[in-house]
Structure formats: C-alpha cells, structure tokens
Number of protein chains: 2
Amino acid sequence: YKIEWELKKSILINAVVSLLGFVLTLALIPVASKYVLRRNLFGYDINKKGTPQGSVKVPESLGIVVGIVFLVSAILFQFANIPADSNWLVEYNAALASICFMILLGFVDDVLDIPWRVKLLLPSVAALPLLMAYAGHTTIIIPKPLVQYFGENIDLGWIYKLYMGLLAVFCTNAINIHAGINGLEVGQTVVIACAILAHNIMQIGGSKDPEYQQAHAFSIYLVQPLIATSLALFSFNWNPSSVFVGDTFTYFAGMTMAVVGILGHFSETLLIFFTPQVLNFLASLPQLAGIIYCPRHRLPRFDPQSGLLTGTKDGTLVNIFLRLFGRRSERSLCILLLVFQGICCCFCFYLRYILTGWYK
Amino acid sequence: YKIEWELKKSILINAVVSLLGFVLTLALIPVASKYVLRRNLFGYDINKKGTPQGSVKVPESLGIVVGIVFLVSAILFQFANIPADSNWLVEYNAALASICFMILLGFVDDVLDIPWRVKLLLPSVAALPLLMAYAGHTTIIIPKPLVQYFGENIDLGWIYKLYMGLLAVFCTNAINIHAGINGLEVGQTVVIACAILAHNIMQIGGSKDPEYQQAHAFSIYLVQPLIATSLALFSFNWNPSSVFVGDTFTYFAGMTMAVVGILGHFSETLLIFFTPQVLNFLASLPQLAGIIYCPRHRLPRFDPQSGLLTGTKDGTLVNIFLRLFGRRSERSLCILLLVFQGICCCFCFYLRYILTGWYK
Ligand SMILES: [Mg+2]
Ligand SMILES: [Mg+2]
C-alpha cells in the first residue's frame, strides 16, 4: 500500500497548491481588470442592453489571469512533486506546452481578433505535442456481444490519434460557442471539471493497477488547479458579471479538459460529459457551415422592461432552452443550463455503471 | 556512420522547415501589422523625433508573429522527425513549454505593461520545466593546473541548476535592455544564434560520441527556426523600422537561446557569446538597482538637424559606444554594435581553441 499512500500525498499537495492558486486568482482579477481596461479591452453586456448595467464597460479576457496562475501552479507542482526520472514527465511537459500554446492563441485572439480559419488550424497544431507524447493505448475494447465478430479489441493506431486530435480541437471550440450569457463559460467548465475529478477518484479507488491509477492521478494533478482557478473567476463572472472571460478562458479550459481526458485515457467518457456542448455544436452546425445565415452574435432577445430573455431562431442550446422552458431571466437560464450539464455528467456515470458488464 | 547520416537528414529537414517558417513570417508580418494597429498597439520612433518619420505610428510587438511561427515550426518538426520513444522528447517538450510561456508573458507585457517585479519572477517559473527535464551533467571540469587541488571535476548538483535558472532569467532580460535603436534587438539575436549554430556544427563534426552529437543536434533543431524567423523580422525592423518587435520578441529570443544553450550543454560558451549583453547589464546595474536615477527610456539624444545621435550619461552600451566612437547615425551605430557582437562571438571561438589544452 506504499504506492497508494504516495499517490494520496501527491494529490493532497496538489490540492494545497490549487488552493493557493484559487486565492492568488481571486486577488489578481481586480488588479488585472484595471490593466485590461486601460488597454480598452472591454465589452458591453449585450444581454443587459437598455438597462443602466448595459452601458458599463466590463473588463474583457480575464481568462489570462486564470491561465497564467494555472500554468504557474502546474509548474510549481511539477517541480515540487514529480520525480525528475518519471515516465510521466514527457506527457506532463507536452500537456503544459499544449495548454500554454492555447492560452497564447486565446489571448492573441482576444487582443487582435484573428480570422476563424486560423482559429481552427492552430488548435490542431497545439494538440500535436500531446499526441506525440501520448503513451497510452490506441485500441478500443469491443462490447462482449460483438467480440465474436471483431475479437476482444481493435488497435486503431493513428486513427485513434487522429480522433484524439479532433477531440482537442472540438473541446476548445465547443466551450467557446456554448457561451454568451453571464457565468455559462466558467460554470460549465467547473461542472465538467468536477465530474472529471469524481471520475478520477472513483477509478483510482476501484483499481489495483498502479499504471492505471497513475494515469488518473496525472489527470487529477491538472484538473484540481483548473477547478480552483476557474472557481475564483466564477465568483466575478457570475450574473451580473463584473468581468468577462474572453476566448483566452474558453480555449484554455477546453484544451485543459481535452488534455486531461486524453492523457488520463478516458477520452470517450469525456465526450459524454460534453453532451450539452455536443448538442449545441449540432444545433449550430447549419449556421457554422454557412447553410443558414449566421449573425455576429447568436444571443437571445433581451427585454429591458421585464428583464427577461426570449429565445431566437438561432441554433444554440441557449435559445433552444428558452424556447422549450419559456422566457426567463439570464441568471435562472444559466442555472438551468448548468443543472442540465450536471444531469448529463450524472447520466454518464450511470451509463458507465450499466455498460461495465458489457465490457470488462 | 549510419547515425551520422540520420543526423544530417534531420538537420536538413529542420532547415527546410525553418525556410518555410522564414517565408511564412515574411508573409504574415504585414498582415499582422494591420491587426496590431487596429488595436492601438503602436509606438513612435523616439530616435527620429522631430523628423517626419518620428510622427509615424509604427506597429508594435510583431514578435508575436515570430513566436507563433517558431512554435508551429518546432512542433511540426517534432511531429515529423523525432521518434515518439526518443529520450529527447521530454527535453524538447520542456523547451516548447518554457519558450511558449515566455512568448505569452512577453505579449501580455506588451499589451498590459505588467510591473517589473512580476517580469523578474515569471521567467524564473518559466525556466523550471526546463531545469526539471535537464538530463545533462551538473559537473564543472577543472582546468588541468588546478586538478591537483580539486580533482578532475566537481559535481555542483542543484547549484548548477540554480545557475542555469539564473542564466535563463538573465538571457531573457539582457536582450530586452540592450535595445532601443532600430534593428538592434533582432540583429543581436541573429548574430548570437548564428554563432550558436556554427558552434553546434563544429562540435558535431569534432566529436564521435553520439550522445554529445545528439545534444548539439537538439540545439540546432531550435536555433535554425530562430534564425530563420528572426531574419524575416529583421528585414522589417532594420533602420528605418516599419515594425517594432516588442517585449514579445526579446523575451522569446532570450529564452530560446538560453534553452538551446542549457539543453545543448554549453551554457558557459553561451555566456561568452552574450559578452556585449553582460557589459550592457553591468553598465546598467547602478540605474537598475536604483542607486542612480533611472528615466523611463535611456536612449541617446537625437538631433533632427544632422540626423545624428549623441551619447547621454545613461549607463547603456549604446551610449558608451556613442561616447567612445563619437556621434553617428542610428544605422551606423547599429552596424557598429552588431559588428562588436560578432567580434565577441569570434573571440569566444578563439578562447575555446586556446583553452582546449587546459581542459580535456
Ligand atoms: Mg475573439
Ligand atoms: Mg513592456
């Protein structure tokens, strides 16, 4: 049981580092807000247009604080706790490089508004170090009823790596387009990241294979600082937002969760946690592909008199929820969407529980 | 000789990738200039104040283009050419993470002007993944006359790692403060990087130890894209500058050269290549430490009538050269300083040649 104790110690140290990251982020966001406002990096809250709050300059792209504090936490934890001869060092460094590259791209996008073609291309490049370093399986396990046709498992090789690359691109963009109301970007990140953490802890508890435990521990090392720093941002971004998170945050959060899923070897599970984002992506597809006209913002209509939002015909989950459940305030809509995210995550756990018999 | 041929092939592929990086940078800088101007990221050329050129808005921090193209080149080369089970992957990924983090910090500094305390602290954090991954010696070889006192070599352990960390912080800041006239930041980078490349090639040619050759090849893989992308920027930044490079470039270039020196295991040689930067740092020390008053810019005085620069009392190499060699135009001053940089590099090669007998 010595290894298990070592593992618990590492996770605990990581939790402490994350806590410090939480405090640091909390302290830095008001400071950084002044800096970004000085540079005219601000936005108006479109969903409050017509009310006094709609004319306040809200500081934009505060995700940069979260990103930098996350990187510093992750690096300090690596320095303090991962032995220099660890096999995990190559994957950990690849993870840092990929995440850092995405933060850089996000911030450059926030400042300079890069064209969307570049936005699709560069995340794929950012994911490459990760795929290079990926040392896990490239096989899929075949469900028991089909074993007689395909054998126990199929090695997909580079196709599996391609799938993981696409997953990384999908995750970064999926969070970016499931957005637009106060608190949603950070809220969904926190809910998914907590589900990932719960999944990791259950898997470590349920397994005796140290290699398997290590993969999930690795995932915990990155997801704990993500939860901590995001929560600090959440307290500022919750309705009414005193800061906006920017593409910096959505790219960073999406890539970090993709990294965690890929290097923790549970990318399929991750995709189920992302159900609302997948639905939103599917609903957006006609407009993204240019079949239907796509306006600059695809936000609901805000009524300054009642303070309520009405769904429009634009294909986003936000609008679909408003059409399904009726007009409501921005805050209650955000809560509704986050609850839905939580339900999807719980459903994923249930699904895994059901399917266990079909696989191993 | 099979390994040697493999090595030559890799270096050649890297040269081709670098060439593509050169072309891409050349094409992207004019495009990116429009983007940064739109965001009011520009500066006035202080050394041309009083002439029509002094009132032109020059786009600032184009180093971001160089940085991103460098990262993309380095990642694509890694993907194409480094085997996934290579021992070098961990160091390569650490290098990418450290360099990317510095580009991010440089760009954030250009956009938001972060306080100088943070500027000293964060590069040390950025260097940590590198030191973690460093797998080379931590010993210094004792010169023959002293062997009887100290033995053949001393293992300095963590002190050597601390020295490397300080080297990284020094390199990033040294290039940043040896600046202020058109073309100097990029010019010195190109000269030093070429010296590094020459040093690497000579060492590979002169050695039979494959491990040693690999270390220098690794260094080439990163220094070739650096030269290529910097040269593209140089063509825009040469007097009269149509773009400025920003802290993004100086941080990126400094960190990349530090990385290359540390992971190529020739950090002592690198420090001699940096002689002008060391002199500039020593001359700046009284002002940086706050003993003497330090103005916002420590530039020479420009005379709009004659178009010549005169040295001031501020302790920088630029001013010392002007006082030593008399008033001159910005362009000829830059050439003079770059020639001095070249002489220092040649002197370093001569010194190594002389000292060989003392060591091995
Ligand atoms: Mg944007
Ligand atoms: Mg600055």
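As the structure is a computational prediction, the values presented were derived from the model and not from experiment. (Residues numbered from 1 in each chain as written. Chains lettered and ligands numbered in written order. Predicted model: local features only at pLDDT ≥ 70, side-chain atom pairs only at ≥ 80, totals over all residues. Heavy atoms only, no water.)

Concerning helix 9 (residues 246-263) of chain B
Residue and element names in this part refer to chain B. Along its 18 residues, helix 9 runs 26 Å from first to last C-alpha, staying within 8% of the 26 Å computed at 1.5 Å per residue. Across the 18 residues that make up helix 9, a large majority, 18, are buried. Phi turns positive, to about 65 degrees, at H265, one or two residues after helix 9. (Helix = DSSP H or I, 4+ residues; strand = E, 2+ residues; numbered from the N terminus. Expected span 1.5 Å × (residues − 1). Buried < 20%, exposed > 50% of the residue type's maximum accessible area, 1.4 Å probe, protein only.)

Some points on the interface of chain A and chain B
Taken together, the contacts link 41 residues of chain A with 41 residues of chain B. Summed over both sides, the interface between chain A and chain B buries roughly 3,700 Å², with carbon and sulfur atoms accounting for 80% of that surface. Of all residues in chain A, the largest losses of buried area upon contact with chain B belong to A:R39, A:L112 and A:M132, amounting jointly to 20% of the total for that side. Taken together, the connections running from chain A to chain B amount to zero salt bridges. Listing elements by their share of the side of chain A that touches chain B, those giving two or more residues are helix 1 (2-38), helix 2 (63-81), helix 3 (88-112) and helix 4 (116-133) of chain A. If one sorts the elements of the side of chain A that touches chain B by residue count, helix 3 of chain A sits on top with 16 residues. Considering only residue class, the side of chain A that touches chain B consists of 34 nonpolar, three polar and four charged. (Contact = heavy atoms within 4.5 Å. Buried area = accessible area lost by both parts, 1.4 Å probe. Salt bridge = Lys/Arg side-chain N within 4 Å of Asp/Glu carboxyl O. Nonpolar A, V, L, I, M, F, W, Y, C, P; charged D, E, K, R; others polar.)

Remarks on a nonpolar patch on the surface
A contiguous nonpolar surface patch, about 550 Å² in accessible area, is contributed by A:F347, A:Y350, A:Y353, A:I354 and A:L355. Its place among the elements puts A:L355 in helix 13 (residues 330-355). (Patch = residues over 30% accessible without salt bridge, like charges linked within 9 Å, V, L, I, M, F, W, Y side chains within 5 Å. Areas by Shrake-Rupley, 256 points an atom, 1.4 Å probe, with all protein chains shown as cover.)

Structural notes on the environment of B:Y221
All names here are of chain B. Tracing the chain through its elements places Y221 in helix 8 (residues 210-237). Counting along the chain gives 208 residues from Y221 to I13, while the straight-line C-alpha distance between them is 9.4 Å. With near-sequence residues (within four places) excluded, Y221 lies in contact with L7, S10, I11, N14, F77 and Y92.

So, the relation of the copies chain A and chain B
For these two chains of identical sequence, chain A goes onto chain B by a turn of 180 degrees and a shift of 0.0 Å along the axis, with RMSD 0.0 Å. The symmetry that links the two subunits is that of a two-fold axis. When the interface residues of chain A are mapped onto chain B, 100% of them again fall at the interface, so both copies present the same face. (Least-squares fit on C-alpha atoms with pLDDT ≥ 70 in both.)

So, the packing of helix 6 (residues 158-177) of chain A against helix 9 (residues 246-263) of chain A
All names here are of chain A. Relative orientation of the contacting elements helix 6 and helix 9 amounts to 145 degrees, with a least axis distance of 7 Å. Taken as a pair, helix 6 and helix 9 cross one another with a handedness that is right-handed. Where helix 6 abuts helix 9, its residues M164, L167, A168, C171, T172, N173, I175 and N176 lie against D247, T250, Y251, G254, M255, M257, A258 and I262. Partitioning the contact of helix 6 with helix 9 into residue classes produces 10 nonpolar, five polar and one charged. (Axes fitted to C-alpha atoms, helices over the stretch in contact; angles between N-to-C directions. Left-handed = near helix turned anticlockwise from the far one by under 90°.)

Re unusual backbone geometry
With an omega of -10 degrees, the peptide bond running from A:N239 to A:P240 counts as cis. Along the chain, A:P240 falls in the loop between helix 8 (210-237) and helix 9. Phi at A:D113 takes a positive value of approximately 55 degrees, unusual for a residue other than glycine. When you line up the elements, A:D113 lands in the loop between helix 3 and helix 4. Of note in the backbone geometry, B:N40 takes a positive phi value of approximately 60 degrees without being a glycine.

Some points on the pattern of salt bridges
Residues and elements named next belong to chain A. Summed over all chains, the structure comprises nine salt bridges over all chains. For E330, the salt bridge is made with K48, and the minimal N-O distance between the two is 3.1 Å. In this pair, E330 sits in helix 13 while K48 sits in the loop between strand 1 (42-43) and strand 2 (58-59), placing the two residues 282 residues apart along the sequence. By relative accessible area, E330 is classed as buried at 7%.

Digging into the confidence of the model for chain A
Chain-level statistics for chain A give a pLDDT mean of 89 and a share of 96% at 70 or above. In the model output, the complex is listed with pTM 0.93 alongside ipTM 0.92. (pLDDT = per-residue confidence, 0-100.)

Thoughts on the nonpolar core
Ranked by size, the top nonpolar core spans 217 residues in total, and within it A:F101, A:L104, B:F101 and B:L104 carry the most contacts. With residues up to four places along the chain from it excluded, the contact list for A:F101 reads A:V125, A:A126, B:I68, B:L71, B:V72, B:I75 and B:C100. (Core = buried A, V, L, I, M, F, W, Y, C linked by side-chain atoms within 4.5 Å.)

Here we look at the environment of A:A215
Residues and elements named next belong to chain A. Residue position: A215 is located in helix 8. In the structure, A215 is positioned 15 residues away from N200 in sequence and 9.0 Å away in space, judged by C-alpha atoms. For A215, the residues in contact, after removing those within four places along its chain, are W88, L263, G264 and H265.

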